[in-house]
Amino acid sequence: MLFRSESRIRAAAPLAPGVLRDSLVLAQQIASPTLLIAGDLDRLVQIDQERRLSAALSAGGGPHWFVTLHGAGHLSFADVCLPIFGGCGPDDLAPSDAQAQIRGWTTAFFLRYVAGDDRYAAWFLDAPPAFVDIARPSS
């Protein structure tokens, strides 16, 4: 986990990260911009755990976004799908759509916060596709 005092970390984008009690405490110390992406059908790291992590990251004070991909399971963040991890059904988010969203969000995020390219700021202001929910920072 990242720490507020770690100046080399300019931005972080955890994808369906595991959530432990200690990580919730440490997340409150993160002031670097963060983009957390989760799938609402993830059976390994359930969405309620990801919401708690998002709330802890928000407490760190840095810019933070929480993107939920509806119909995505844990392995939507990889190139395989095993039904035991969720998100592999015929009515779930297609892997190609999940991968496109993950690439788009992370690329725009790092270009904005690491490369300093403000042209990508609109990515975080525009309305996302219907299968995406995004929690934006309050300030």
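Up top is the structure.
The notes below deal with the structure included here. Here the structure is a predicted model, which means the values were calculated and not measured. (Residues numbered from 1 in each chain as written. Predicted model: local features only at pLDDT ≥ 70, side-chain atom pairs only at ≥ 80, totals over all residues. Heavy atoms only, no water.)

**Structural notes on the pattern of salt bridges**
We apply this condition: Salt bridges are counted wherever a side-chain nitrogen of Lys or Arg sits within 4 Å of a carboxyl oxygen of Asp or Glu. Secondary structure elements follow DSSP: runs of H or I no shorter than four residues count as helices, runs of E no shorter than two count as strands, and numbering proceeds from the N terminus. Burial classes: relative accessible area under 20% of the type maximum marks a residue as buried, over 50% as exposed, and values in between as partly exposed (1.4 Å probe, protein chains only).
According to the stated counting rule, one finds two salt bridges in the structure shown. Linking R51 and D48 is a salt bridge whose minimum nitrogen-to-oxygen distance equals 2.9 Å. On the criterion of helical spacing, the pair formed by R51 and D48 is a turn pair, its members being three residues apart in helix α2 (residues 47–59). Here R51 falls in the partly exposed class, since its relative accessible area comes to 45%. Residue D48 is classed as partly exposed on the basis of its relative accessible area of 46%. A salt bridge links D117 to R119; the shortest N-O distance between them is 2.5 Å. Given a relative accessible area of 17%, D117 falls into the buried group. Of the residues examined, R119 reaches a relative accessible area of 67% and is grouped as exposed.

**As for the sheet that holds strand β1 (residues 34–39)**
Rule in force here: What makes two strands pair is DSSP finding at least two bridges between them. Helix axes are fitted to C-alpha atoms over the stretch in contact, other axes to C-alpha atoms as well, and angles between N-to-C directions run from 0 to 180 degrees. Whether two residues touch is decided by their heavy atoms; if any such pair falls within 4.5 Å, the residues are in contact.
Taken in spatial order, the three strands make up an open sheet running β1-β2-β3, and their pairing is mixed. Both outer strands of the open sheet, β1 and β3 (132–135), are each paired with one neighbouring strand and no more. Between one strand and the next, the sheet's axes are offset by a mean angle of 15°, whatever the strand orientation. Where β1 and strand β2 (residues 64–69) come together, six bridges link them in parallel fashion. Among the inter-strand pairings, I37 is bridged to a residue of β2, identified as V67. Helix-sheet contacts for helix α3 (residues 95–113) involve β1, β2 and β3, and the interaxial angle to β2 is about 170°.

**Some thoughts on the pairing of β3**
Burial along β3 is one-sided: V132 and I134 are buried, while D133 and A135, pointing the other way, are not. In this sheet, β3 lies alongside β2 in antiparallel orientation, the contact comprising four bridges. Opposite F66, over in β3, you have A135 as the bridge partner.

**Points about the nonpolar core**
In plain terms, the rule: Residues enter a nonpolar core if they are buried and are Ala, Val, Leu, Ile, Met, Phe, Trp, Tyr or Cys, with the set joined through side-chain atoms within 4.5 Å.
Membership of the largest hydrophobic core comes to 20 residues, with the highest contact counts inside it found for L35, V67, L69, W105 and F109. A per-element tally of this core places α3 first, with six residues. Those residues in contact with L35 that sit more than four places away from it in its chain are A12, A13, P14, W65, V67, W105, T106, F109 and F124. The next biggest cluster of nonpolar side chains, apart from the first, holds twelve residues, and it includes I30, A38, I47 and L57.

**Remarks on the side chain of E50**
Selection criterion: Only four residue types enter the tally: Lys and Arg on the positive side, Asp and Glu on the negative side; His and the chain ends are excluded.
Take E50: it is sitting in helix α2. Notably, E50 is buried but unbridged: the nearest opposite-charge side chain belongs to R52, and the N-O separation is 9.6 Å. Apart from residues no more than four positions distant in its own chain, E50 is found in contact with A16, P17, V19, L36, A38, V45 and F66.

**A look at α2**
One turn of the α-helix equals 3.6 residues, which is why residues spaced by three or four share an orientation. Keep this limit in mind: To estimate the expected span of a helix, subtract one from its residue number and multiply by 1.5 Å.
Compared with the 18 Å implied by 1.5 Å per residue over 13 residues, the 19 Å span of α2 between its first and last C-alpha is a close match. Residues of α2 that are buried sit in contact with α1 (21–27), β1 and β2.

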